[in-house]
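Fold and contact review
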Amino acid sequence: MYRSFRYVLSMVFTTFLAMGILTPVEAQSNPQGGGYWLQESKVKQAAQLMQQGKSIEGAGVRPAQPQASQGFKTLQEMRKEDQNSSVSYQSQPGAPQLTAEGWSPPKFEYDYITTTDECRQNKASGTETGWIKNHYAFCWSHVATYQVPRKCYLGICSYDGVQFQFTEIGYGSNHDRKMRVVYYLDDILITNPALNGAKLKIDFSCDPKINPGDCKEDPDTPAVERTIAQWKNNNYGIKNFLSDAPPADDNNPDRIGYMEFWPKLTVTHAPRKFKKSIDGIKQTIRFDSATYMFAFPDQYFRNGAIFSKTDAVLKVPITDPDFSILEEAGEHWKFAMDHPEQTIPTVLGKKIPGALGDRPLTRLYTRRHPEEYAKNRNKTRSTCDREFKNEDRTGKQCDEFPFASTWEGSAMNGQDWFSIRLISADSNQAAGSWLGSWYAYDRILDRDPFYVEVEAPVEVASIRSEGAPQDGQDHRSSGNFKIDNIPPYATKLKWTITDGPADAHFDVMHDDSFGIDETIFYDLHNGSITEIKKSDDLYIANPTNTGGKSFTVHVTAIP
């Protein structure tokens, strides 16, 4: 009998689908209801289905999956996971200042994510990893949806719904083994006023990865449970995590600990006997108690907590007037990474790491590895004495790249893949102090990888032009060139004239093989600044004020 009933019910169900009485969306009914995280592309459609009382699973949305503890790992495994990061961030201390004690950086300052708008405006905030702005700032923002069954008949259910934007903003520390999360609910939507009385509990789970004490919840910031109506009036909460420092040993001298954490949101509606929890994404925190986090002359940072799954990039903005003292050092570092075979000492096939996208540099803590550091310094010194023995070195010092405080330094890389250059003593000393402070400010520990990005003008094209249109041409005065390979920090193009009349003016046009050539830039001259427009098959056109003489145009991408 029961089988017959099921068969009849199945036939009715199929007939309703075929006749259009029952839609595929309604066919996705789940009598238990569900909790979901919505991709941005699904939010509008899901909201419409919710308003109609239909299941959002018909829009291709699947219930959120719970997070699970993956157990302990070794320190080496966790640091390797950090090194396999697919994201990066740029960081820089403020400009170095000359004091009576020498060149020193300004005081340390955090660059936190300060508002939910700042978080949500970054596209990474809605991804499976969230947005790591820097070692001390993280956020994740997603739309949460719960469907509470209203009634079900013949396997077809209708629902009431709760939807809201959940945003968590994480704050690391350069002073304590403590991490704070502030979370917010915005754009709260309910499809039935009765759900104002439903309760939403927000808590965070944490999972210690190396030591049992890596993850401790602060008892002063327990889970928060409020009705939906109360969340509308008070839309935020706070969660703190602490970490015990393990004993220092040879394997873990910096007393490192790791934890993973994630949010857990639970909606309960007692009249409907509904209770569903959804877990957000996991994020990783690294704690340490490295005693050598020091910035000249008197700043100490003996404990810290950072978002570690990101590549650290030291930004060197040498075109900024405040950083002019770093110009000589920065130009050397950039040239070494961009043109290693043209550096001193000359080594065929030389490759110098450090640029983002290439091999990273790796910090060598000098007092922990004094012999290795001394080898780097001694090799640099002897190479400078040999290569610059006939140079006047008054007021100058020998700068090396990669830095002596890295495992890729002159002696430790094993292949003479390094560069030296004479620069002013002031620039060399300021750069050394500035680098040391950045290690402390960003908590770059011994053997931590990092990259260097020098924000300097980069020539992206050059072309020789006649002083008038070429024979048989109405506008063209040069061959074709292209503008490409723009560094990510560049914001403008600068046009410079050399080897010809400095007062020349010209246009830039695009060579269109199947139509009329378009003018891309009008009336440029020596020193013109334009927006960046990448293109192939450009040419110089309509030159004036040349006296018929040819000239060379250089195109430089500038910060």
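Scroll up to find the structure.
The sections below set out a description of the structure shown in this document. (Residues numbered from 1 in each chain as written. Predicted model: local features only at pLDDT ≥ 70, side-chain atom pairs only at ≥ 80, totals over all residues. Heavy atoms only, no water.)

This part is about a nonpolar patch on the surface. Together, Phe294, Phe296 and Tyr300 line one region of the surface with nonpolar side chains, adding up to about 260 Å² of accessible area. Of note, Tyr300 is situated in strand β17 (residues 299-300). The exposure class of Tyr300 is partly exposed, given its relative accessible area of 43%. (Patch = residues over 30% accessible without salt bridge, like charges linked within 9 Å, V, L, I, M, F, W, Y side chains within 5 Å. Areas by Shrake-Rupley, 256 points an atom, 1.4 Å probe, with all protein chains shown as cover. Salt bridge = Lys/Arg side-chain N within 4 Å of Asp/Glu carboxyl O. Helix = DSSP H or I, 4+ residues; strand = E, 2+ residues; numbered from the N terminus. Buried < 20%, exposed > 50% of the residue type's maximum accessible area, 1.4 Å probe, protein only.)

Here we come to the packing of aromatic side chains. Under the defined criterion, the tally for this structure stands at 31 aromatic pairs. Ring geometry for Phe138 and Phe307: centres 5.4 Å apart, planes at 35 degrees, overall tilted. Of this pair, Phe138 sits in strand β6 (residues 137-153) while Phe307 sits in strand β18 (residues 304-307), and the two are 169 residues apart along the sequence. According to the relative accessible area criterion, Phe138 is buried, its value standing at 0%. Looking at Phe307, the relative accessible area reads 0%, which means it is buried. Summarising the aromatic geometry, the rings of Trp140 and Phe166 are spaced 6.4 Å apart at their centres and angled 65 degrees between planes, so their arrangement reads as edge-to-face. Of this pair, Trp140 sits in strand β6 while Phe166 sits in strand β7 (residues 156-171), placing them 26 residues apart in sequence. Take Trp140 and Phe166: they sit in the same class, and that class is buried. Grouping aromatic residues by their ring pairs yields a cluster made of Trp37, Phe138, Trp140, Phe166, Tyr183, Phe204, Phe241, Phe261 and Phe307. (Phe/Tyr/Trp six-rings, centres within 6.5 Å; stacked < 30°, edge-to-face > 60°.)

Next up on the list: the nonpolar core. Counting residues in each nonpolar core, the largest one holds 38 residues, and the members touching the most others are Phe164, Phe166, Leu200, Ile202, Met259, Phe261 and Leu265. Formed by 30 residues, the second largest nonpolar core is a distinct cluster that contains Ile318, Ile352, Ala430 and Phe450. (Core = buried A, V, L, I, M, F, W, Y, C linked by side-chain atoms within 4.5 Å.)

A few words now on the sheet that holds strand β20 (residues 361-362). Pairing is mixed in the open sheet, where four strands are placed in the order β2-β19-β23-β20. In this open sheet, the two strands that pair with only one neighbour each are β2 (88-91) and β20. As judged from the four bridges shared by β2 and strand β19 (residues 311-316), these two strands associate in the parallel manner. Residue pairing for β19: Tyr89 is matched across the bridge by Ala312. (Pairing = 2+ DSSP bridges.)

So, about the sheet that holds strand β27 (residues 505-510). Picture the strands of a sheet paired through backbone hydrogen bonds; they go either parallel or antiparallel. Pairing is antiparallel across the open sheet formed by four strands, whose spatial order is β25-β30-β27-β28. The strands lining the two open edges of the sheet, one partner per strand, are β25 (481-483) and β28 (518-525). In this sheet, neighbouring strand axes are inclined to one another by 40 degrees on average, regardless of whether the strands run parallel or antiparallel. Bridge count for β25 against strand β30 (residues 535-544) is two bridges, and the pairing is antiparallel. Bridged to Ile483 within β30 is Ser535. (Axes fitted to C-alpha atoms, helices over the stretch in contact; angles between N-to-C directions.)

With that settled, the discussion passes to the side chain of Lys133. Along the polypeptide, Lys133 turns up in strand β5 (residues 131-134). A polar side-chain atom of Lys133 sits 3.0 Å from a polar atom in the side chain of Asp111. From its side chain, Lys133 meets the backbone oxygen of Tyr112 in a polar contact 3.1 Å long. (Polar contact = N/O pair within 3.5 Å; in protein donor to acceptor, adjacent residues only side chain to side chain.)

On to unusual backbone geometry, then. Looking along the chain, the bond that leaves Phe296 and enters Pro297 is cis, with omega of 0 degrees. Checked against the element boundaries, Pro297 lands in the loop between β16 (294-295) and β17. For the bond running from Phe401 to Pro402, omega is 0 degrees, close enough to zero to count as cis. Take Pro402: it is sitting in the loop between β21 (396-401) and β22 (419-424). Of note in this structure, Asp499 is not a glycine but carries a positive phi near 50 degrees. On the secondary structure map, Asp499 appears in the loop between β26 (492-498) and β27. Phi is positive for Asp537, which is not a glycine, with a value near 55 degrees.

We now examine the pattern of salt bridges. Per the stated rule, a full pass over the model turns up 28 salt bridges. Salt-bridge contacts for Lys73 lead to Glu81; the nearest nitrogen and oxygen are separated by 2.4 Å. Overall, the relative accessible area of 22% leaves Lys73 in the partly exposed class. For Glu81, a relative accessible area of 23% puts it in the partly exposed group. The salt bridge involving Lys209 is made with Glu260; its shortest N-O contact spans 3.8 Å. Of this pair, Lys209 sits in the loop between β9 (199-208) and β10 (216-217) while Glu260 is found in strand β13 (residues 257-269), placing the two residues 51 residues apart along the sequence. The class for Glu260 is buried, based on a relative accessible area of 6%. By sharing partners, the salt bridges in this structure join Asp207, Lys209, Glu260 and Lys282 into a single network.

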